[in-house]
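Per-entry structural report
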Amino acid sequence: MLNSRISNAGSTHELLNLASANSAHLNHIHAGTLWNKLGKQGDAAGPRHKEEVRRLMRRTVELVGSCGARELANIAHGLAKCRLVGLDGKAGALFAAVAEAAVRGGLRDFNPQDLANTAWAFATASHAAPTLFDAIATAAVRRGLRDFTPQELANTSWAFATAGHAAPTFFDAIAR
């Protein structure tokens, strides 16, 4: 029921109120949906939302360990779209927690869109995560790139180039 309310929320204010009022009951699915929706709103970085966003970031860090591939990708993607800077390193801590959880799980449940969105998010946010990028390249090549759409390949390639992360095996596989 809470996830439905989050999905139907129409503003950043409403999303953050739902997060605050239900913080103790938020789970990994709620966190992924919240960040995805906040990223689409485009105004979470505003000064009037600063404290609520900080609280949500702290709560999300607590939940990251229980997240699956889709939730991790949604959190990273939404967080990058929010363009949060200067929040006492909280955004960086959340990105680091997402990277650690993704790498720890070996990215085995990440589909091509999850891989592409995660790489895009880290590159967009300029958050260095060389171990994550190495793991994404390995996972993509191991699958033979057969399930990647041209858009997912383009987004992933763009992310590696933007992050300045060399992945010769990945790019050789694309070329083949």
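This report concerns the structure included in the present document. Remember, it's a predicted structure, so these values are computed and weren't measured experimentally.

Turning our eyes to something else, we now look at helix α9 (residues 150-163). Spanning 14 residues, α9 covers 20 Å between terminal C-alpha atoms, matching the ideal 20 Å at 1.5 Å per step. Of the positions making up α9, those classed as buried are E152, L153, T156, S157, A159 and F160. Around the axis of α9, the buried residues are gathered within 155 degrees of arc, so they sit on the same side. Those residues of α9 that are exposed and angled more than 90 degrees off the buried face are P150, Q151 and A161. Positive backbone phi, at 65 degrees, marks G164, one or two positions downstream of α9.

The next point concerns the pattern of salt bridges. For the structure on display, the rule yields 3 salt bridges. E51 is the salt-bridge partner of R54, the closest N and O atoms lying 2.8 Å from each other. Here R54 and its partner E51 are both found in helix α4 (residues 50-63), 3 residues apart, which amounts to about one turn of the helix. When its relative accessible area of 11% is taken as the criterion, R54 is described as buried. One salt bridge connects E62 with R59, and the closest N-O pair in it is separated by 2.9 Å. A residue pair is termed a helical-turn pair when its members lie 3 or 4 positions apart in one helix, as E62 and R59 do in helix α4 at 3 residues. The exposure class assigned to E62 is exposed, which follows from its relative accessible area of 58%.

With that settled, the discussion passes to the environment of M1. Looking at where M1 falls in the secondary structure, it is placed in the segment before α1 (2-8). Overall, M1 belongs to the exposed group, its relative accessible area being 86%.

Formed by 57 residues in total, the largest nonpolar core has its most connected members in W35 and F122. Looking at this core, the element that brings in the most residues is helix α6 (residues 90-104), giving 8 residues. Not counting residues within four places of it along the chain, the set of residues in contact with F122 comprises A76, F95, V98, A99, H127, A129, L132 and F133.

Glancing now at the packing of aromatic side chains. Throughout the structure, instances matching the rule amount to 5 aromatic pairs. For the pair F160 and F170, a centre-to-centre distance of 5.2 Å together with 25 degrees between the ring planes defines the contact as stacked. Note that F160 is positioned in helix α9 and F170 in helix α10 (residues 168-175), a separation of 10 residues in sequence. Judged on exposure class, the residue F160 and its partner F170 are both buried. Ring plane angle 70 degrees and centroid distance 5.2 Å describe the contact between F170 and F171, whose orientation is recorded as edge-to-face. Its relative accessible area of 0% is what places F170 among the buried residues. These aromatic residues form a ring-pair network of at least three members: F133, F160, F170 and F171.

Criteria and cut-off values
Residues numbered from 1 in each chain as written. Predicted model: local features only at pLDDT ≥ 70, side-chain atom pairs only at ≥ 80, totals over all residues. Heavy atoms only, no water. Helix = DSSP H or I, 4+ residues; strand = E, 2+ residues; numbered from the N terminus. Expected span 1.5 Å × (residues − 1). Buried < 20%, exposed > 50% of the residue type's maximum accessible area, 1.4 Å probe, protein only. Arc of directions from axis to C-beta. Salt bridge = Lys/Arg side-chain N within 4 Å of Asp/Glu carboxyl O. Core = buried A, V, L, I, M, F, W, Y, C linked by side-chain atoms within 4.5 Å. Contact = heavy atoms within 4.5 Å. Phe/Tyr/Trp six-rings, centres within 6.5 Å; stacked < 30°, edge-to-face > 60°.

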